[in-house]
Amino acid sequence: MIKACIFDLDGVIVDTAKYHFIAWRRLANELGFDFTEEENEQLKGVSRMGSLELILQWGGVQMSEADKLSWAAKKNEWYREYILKMQPDEILDGVMPFLDHLKERGIQLGLGSASKNASDIITQVGLRDRFASIVDGAKATKSKPDPQVFLLGAMELGRQPSECIVFEDAAKGIDAALNGGFYAVGIGKEAHLNHAHLVIPNFIGITLDDILNGIQIKA
Ligand code: B16
Ligand code: MG
């Protein structure tokens, strides 16, 4: 029996990946190199410091731990310039009707994001009151593919992982959901997410029964 749905934020509810990309690219450029949108794909669901480590590797740049913290803080300042201007119209197409539909079906809603900015983003787009549980990168200490962020969410909702579906756009996020014993639905391209129970391109026109049929379980 499915009782709850836990949503990743970046790439599932809103497209903040584009703002992360702009800010990380600015950091790389200031350090004298560049990286591609394809490389950026590998940063999805990865923590801030984990992302910085990967980017520095791509650029072949080494620096002290103190400098890493200072560059990560700069990147976050640039990123926050974008997110603090976000409006409800940046919620991805199909998300609002799907959240309304889940509420009508009595399904609990949770948010499980690696982002320390999740709380501000969700407030900015007016969705804060929709989620009974919000677990972000400040509450969760272990990065995806560790399932901690989703396990904390299930605990806050009073549910077992087997009663919850996780919606994720990142391969590492799907790993995290599967590692925790959740049903995992990928949002985006099959090629990146084919280890999920089901992959859908987005939420447009999607019903709970479509999802349950897709993951082959009964409500
Ligand atoms: P912050 P999600 C993740 O959010 C992003 O996908 C990832 O690109 C980002 O580095 C991470 O949050 C940390 O974000 O710097 O705001 O703490 O997809 O788990 O909602
Ligand atoms: Mg994501």
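Now for a quick tour of the structure. These figures come from a predicted structure and were not determined experimentally.

Conventions and cut-offs
Counting restarts for each chain, with residues numbered from 1 along the sequence as it is written. Each chain gets a letter, beginning with A, and each ligand a number, beginning with 1, in the order they are written. Since the coordinates come from a predicted model, pLDDT governs what is reported: local features require at least 70, and pairs of side-chain atoms require 80 or more to be given and counted, while whole-chain, interface and lining totals use all residues. Water and hydrogen atoms were dropped before computing side-chain values, which therefore reflect all heavy atoms in the structure. Each helix is a run of H or I in the DSSP string that is no shorter than four residues. Each strand is a run of E no shorter than two, and both are numbered from the N terminus. The atom set for the radius of gyration is the C-alpha atoms, and the globule formula is 2.2 Å times the number of residues raised to the power 0.38. Only protein chains enter the accessibility calculation, which uses a 1.4 Å probe; a residue whose area is less than 20% of its type maximum is buried, one above 50% is exposed, and one in between is partly exposed. Contact between two residues is taken to exist if any of their heavy atoms lie within 4.5 Å; hydrogens are not considered. Only the protein chains shown count as cover for residues, and all accessible areas are computed by the Shrake-Rupley method using a 1.4 Å probe. Neither His nor the chain termini are counted; the positive set is Lys and Arg, and the negative set is Asp and Glu. Here the site of a charge means NZ on Lys, CZ on Arg, CG on Asp, or CD on Glu. At least two DSSP bridges between two strands are required for those strands to pair. For helices, the fitted line uses only the C-alpha atoms of the stretch in contact; every axis is such a line through C-alpha atoms, and the angle between N-to-C directions lies from 0 to 180 degrees. Distances are taken per atom, and a residue is near a molecule or strand as soon as one of its heavy atoms is within 4 Å of it. Think of a polar contact as two N or O atoms within 3.5 Å of one another; within protein, one of them needs to be a possible hydrogen donor and the other a possible acceptor, and neighboring residues in sequence only count if both atoms come from side chains. For this scheme, ten residues count as nonpolar: Ala, Val, Leu, Ile, Met, Phe, Trp, Tyr, Cys and Pro. Four count as charged, namely Asp, Glu, Lys and Arg, and the remainder, Gly too, count as polar. Whether a crossover is right-handed comes down to one check: with the strands pointing away from the viewer, does the path from the first strand over the helix to the second run clockwise; if it does, it is right-handed. A carboxyl oxygen of Asp or Glu within 4 Å of a side-chain nitrogen of Lys or Arg is what we treat as a salt bridge.

Quick look at the overall build of the protein now. Looking only at helices and strands, the protein has 10 helices and six strands in total. Its C-alpha atoms give the protein a radius of gyration of 17 Å, within 12% of the compact-globule value 17 Å for 219 residues. Residues classed as buried in the protein amount to 48% of the 219 residues present. In the protein, the proportion of contacts linking residues at least 24 apart, taken out of those at least 6 apart, comes to 60%. As presented, the protein carries roughly 10,300 Å² of accessible surface, and 48% of it is formed by carbon and sulfur atoms. Each charge sign in the protein was given a centre, from 23 positive and 31 negative side chains, and these centres are 4 Å apart.

On to the sheet that holds strand E2 (residues 108–112). Pairing is parallel across the open sheet formed by six strands, whose spatial order is E3-E2-E1-E4-E5-E6. Strand pairing shows two members of the sheet lacking a second neighbour, strand E3 (133–135) and strand E6 (198–200), which therefore form its edges. Averaged over all adjacent pairs, the angle separating strand axes in this sheet is 20 degrees, with direction ignored. In this structure, strand E5 (residues 183–187) lies alongside E6, joined through three bridges in parallel fashion. Across the sheet, residue Val185 finds its bridge partner in E6, namely Leu198. Contacting strand E1 (4–7), E2 and strand E4 (164–168), helix H5 (residues 95–104) crosses the sheet at an angle of about 155 degrees to E1.

This brings us to the site of ligand 1. Surrounding ligand 1, one finds 18 residues, the nearest of these being Val46, Ser113, Ser115, Lys116 and Asn117. At 2.8 Å from an oxygen atom of ligand 1 is found a side-chain nitrogen or oxygen belonging to Asp8. Taking Arg48, its side chain carries an N or O atom lying 2.8 Å from an oxygen atom of ligand 1. Against a free-state accessible area of 470 Å², the protein chains account for coverage of 98% of ligand 1. Classifying every residue of the shell around ligand 1 gives five nonpolar, seven polar and six charged.

The buried fraction of E2 amounts to four of the five residues, a majority that puts the element mostly inside the structure. For E1 and E2, the ladder comprises four bridges, and the chain directions are parallel. Opposite Phe7, over in E2, you have Leu111 as the bridge partner. Taken together, the three bridges between E2 and E3 define a ladder with parallel strand orientation. Looking at the pairing, Gly110 lines up with Ser133 of E3. Taken together, E2, helix H6 (residues 118–124) and E3 form a β-α-β motif whose crossover is right-handed.

Time to look at the side chain of Ser115. For Ser115, the location among the structural elements is in the loop between E2 and H6. Since its relative accessible area comes to 9%, Ser115 is described here as buried. Beyond its immediate stretch of four places on either side in the chain, Ser115 contacts Asp10, Asp136 and Gly137.

Time to look at the pattern of salt bridges. This model, assessed by the stated rule, comprises 12 salt bridges. Between Glu53 and Lys68 there is a salt bridge; the shortest N-O distance is 3.2 Å. Of this pair, Glu53 sits in helix H3 (residues 48–59) while Lys68 sits in helix H4 (residues 65–83), and the two are 15 residues apart along the sequence. On the accessibility criterion, Glu53 (32% relative accessible area) is partly exposed.

Right, let's get into the environment of Ile122. Structurally, the position occupied by Ile122 is in helix H6. Setting aside chain neighbours within four positions, we find Ile122 in contact with Leu9, Leu111, Leu127, Arg128, Phe131 and Ile134.

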